[in-house]
Amino acid sequence: MNDSKSVLVTASLWLVLLVSAATNSIGQFAGMDWTFRMIAGAVSVVCIVLLIIRYVAKRRA
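Worth saying up front: this structure is predicted, and the values here are computed from it rather than measured.

Thresholds, definitions, all that
Residues numbered from 1 in each chain as written. Predicted model: local features only at pLDDT ≥ 70, side-chain atom pairs only at ≥ 80, totals over all residues. Heavy atoms only, no water. Helix = DSSP H or I, 4+ residues; strand = E, 2+ residues; numbered from the N terminus. Buried < 20%, exposed > 50% of the residue type's maximum accessible area, 1.4 Å probe, protein only. Lys, Arg positive; Asp, Glu negative; His and termini not counted. Salt bridge = Lys/Arg side-chain N within 4 Å of Asp/Glu carboxyl O. Contact = heavy atoms within 4.5 Å. Patch = residues over 30% accessible without salt bridge, like charges linked within 9 Å, V, L, I, M, F, W, Y side chains within 5 Å. Areas by Shrake-Rupley, 256 points an atom, 1.4 Å probe, with all protein chains shown as cover. Expected span 1.5 Å × (residues − 1).

Asks: I keep staring at the side chain of R37 and nothing clicks. Help me out?
Replies: Note that R37 resides in helix α2 (residues 34-60). Here R37 sits buried without a salt bridge, and the closest side chain of opposite charge, D33, lies 6.7 Å off (N-O distance). Not counting the four nearest positions on each side in its chain, R37 is found in contact with T23, N24, G27, Q28 and M32.

The following block contains the structure:
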C-alpha cells in the first residue's frame, strides 16, 4: 500500500511540474501577467526540490 501511495505522489509531482513549467514558458506568448508566470515558475522549482528530496530519501532507504 505504501509503494502505490509513493508512486502516486511522485507521478502527481511530475504532472504539476510539467503543467507549471509549460505555463511559465508559454505564458508570455499567451499574454499572461508577469505575476502568474513567476508563481508558475516558483511552483516548478518547489516540485523539482521535492522530487530531488524524494529521490535522495529513497536511495538512502
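From this point on, the discussion continues.
Asks: What should I look at first to understand the environment of N24 in this one?
Replies: One can find N24 in helix α1 (residues 2-30). Residue N24 is classed as partly exposed on the basis of its relative accessible area, which comes to 29%. As a C-alpha pair, N24 and V9 span 15 residues in sequence and 22 Å in three-dimensional space. When near neighbours in sequence (up to four residues on either side) are disregarded, N24 contacts R37, M38, A40 and G41.

Asks: So what exactly am I meant to see when it comes to a nonpolar patch on the surface here?
Replies: Among the surface-exposed residues, V16, M32, F36, I39 and V43 lie close enough to one another that they form a single nonpolar patch of about 410 Å² accessible area. As for its placement among the helices and strands, I39 is situated in helix α2.

Asks: Looking at this structure, how should I read α2?
Replies: Residues separated by three or four positions in an α-helix point in the same direction, a consequence of the helix having 3.6 residues per turn. In a regular helix each residue adds 1.5 Å, so 27 residues correspond to 39 Å; α2 covers 39 Å between its end C-alpha atoms and thus fits that length. Taken residue by residue, α2 has R37, A40, G41, S44, C47 and L51 as its buried positions. In this structure, the buried side of α2 is in contact with α1.

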